[in-house]
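Chain residues, written in single-letter form:
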Amino acid sequence: MTALTRGVDFVLRLVITSAFAVLVVCVVWQVFSRYVLESPSTVTDEMARFLFIWVALLGGAYTLGQRRHLAIDLLPVVTTGKARFAVNAGIIGAIALFAGLIMIYGGLGLVSRTLETGQVSPALRIPMGFIYVAIPFSGICILYYCLTFFADLVRDGRGPNEQLEPPAPGGPLT
């Protein structure tokens, strides 16, 4: 694993765990304010929704980078040699194509349109483009991981679903 990949992993872990911690605090406060104080907080409700978007998108990118994403690996398992290489290259290419076209290109278009129109969130008054930045940012991370997967495939023959070591017992964020 390269220093750059370790750095990307570290930044994603830091952002995901921080956002998740704030998300938990927001949800706990939301429940407390709604049922105990009988005055629900609209700010924490909206903040929790936005944090959930970021956690889900960045968590998906991080999980892909750790090779722990949901995968149906029937074709890579039953093929060998050049066919296996082609199947794994096709899988990596499909993921990279989706990340590049839909998440990065489409996401940047969404971000720019919402920033141009001046759309803001109702409670926090944050420009919605800032919330939608999670889409192209996670797409960039996914595209980076696809490049590392392809390099591993060429160098070692290791596909995107093949880990070097078994998962740690404490989970992927430890």
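Let me begin by describing the structure that accompanies this report. As the structure is a prediction and not an experimental result, all values here were calculated from the model.

Analysis parameters
In this convention, every chain numbers its residues from 1, walking through the sequence in written order. Thresholds applied to this predicted model are a pLDDT of at least 70 for local features of residues and 80 or more for the giving and counting of side-chain atom pairs; totals over whole chains, interfaces and linings are not thresholded and use all residues. Side-chain measures were taken over the full set of non-hydrogen atoms in the model, leaving aside hydrogen atoms and water. In this scheme Phe, Tyr and Trp rings, the latter by its six-membered ring, pair at centre separations within 6.5 Å, and the angle between planes marks the pair as stacked below 30 degrees, edge-to-face above 60, and tilted otherwise. Helix and strand definitions here come from DSSP, where helices need a minimum of 4 consecutive H or I residues and strands a minimum of 2 consecutive E residues; each element is numbered from the N-terminal end. For every residue, the accessible area (1.4 Å probe, protein chains only) is compared with the maximum for its type, and the residue is labelled buried under 20%, exposed over 50%, or partly exposed between those bounds. Whenever Lys or Arg places a side-chain nitrogen within 4 Å of a carboxyl oxygen from Asp or Glu, that contact is recorded as a salt bridge. Whenever a nitrogen or oxygen atom comes within 3.5 Å of another N or O atom, the pair is scored as a polar contact, on the condition that within protein one atom can donate a hydrogen and the other can accept it, and that pairs from neighbouring residues in sequence are kept only if both atoms are in side chains. Contacts are residue-level and defined by heavy atoms, with any inter-residue pair within 4.5 Å sufficient.

1. Let's talk about the packing of aromatic side chains
Part 1 of the reasoning: Applying the stated rule across the entire model yields three aromatic pairs.
Part 2 of the reasoning: Ring geometry for tryptophan 29 versus phenylalanine 32: centroids 5.5 Å apart, planes at 40 degrees, classification tilted. Of this pair, tryptophan 29 and phenylalanine 32 both sit in helix H1 (residues 3-35), three residues apart, which is roughly one turn of the helix.
Part 3 of the reasoning: Judged by its relative accessible area of 35%, phenylalanine 32 falls in the partly exposed class.
Part 4 of the reasoning: On the basis of an interplanar angle of 40 degrees and a centroid distance of 6.5 Å, the ring pair of tryptophan 54 and phenylalanine 137 is categorised as tilted. Highlighted residues: tryptophan 54 in helix H2 (residues 42-65) and phenylalanine 137 in helix H6 (residues 134-156), separated in sequence by 83 residues.

2. Quick word on the pattern of salt bridges
Part 1 of the reasoning: Scanning the model with the defined rule gives six salt bridges in all.
Part 2 of the reasoning: Arginine 49 serves as the salt-bridge partner of aspartate 45, at 3.1 Å between the closest nitrogen and oxygen. Here the residue aspartate 45 and the residue arginine 49 both occupy positions in helix H2, the gap between them amounting to four residues, near one helical turn.
Part 3 of the reasoning: The shortest N-O distance in the salt bridge between glutamate 162 and arginine 84 comes to 2.6 Å. One end of the pair, glutamate 162, is in the segment after H6; the other, arginine 84, is in helix H4 (residues 81-117), with 78 residues separating them in the sequence.

3. Here's the deal with the side chain of threonine 44
Part 1 of the reasoning: Along the chain, the position of threonine 44 falls in helix H2.
Part 2 of the reasoning: Take threonine 44: its relative accessible area is 12%, and that puts it in the buried class.
Part 3 of the reasoning: Engagement of the side chain of threonine 44 in a polar contact is seen with the side chain of glutamine 30, the distance being 2.8 Å.
Part 4 of the reasoning: Polar side-chain contacts of threonine 44 include one of 3.2 Å to the side chain of serine 41.
Part 5 of the reasoning: Excluding its chain neighbours within four sequence positions, the residues that come into contact with threonine 44 are Cys26, Trp29 and Gln30.

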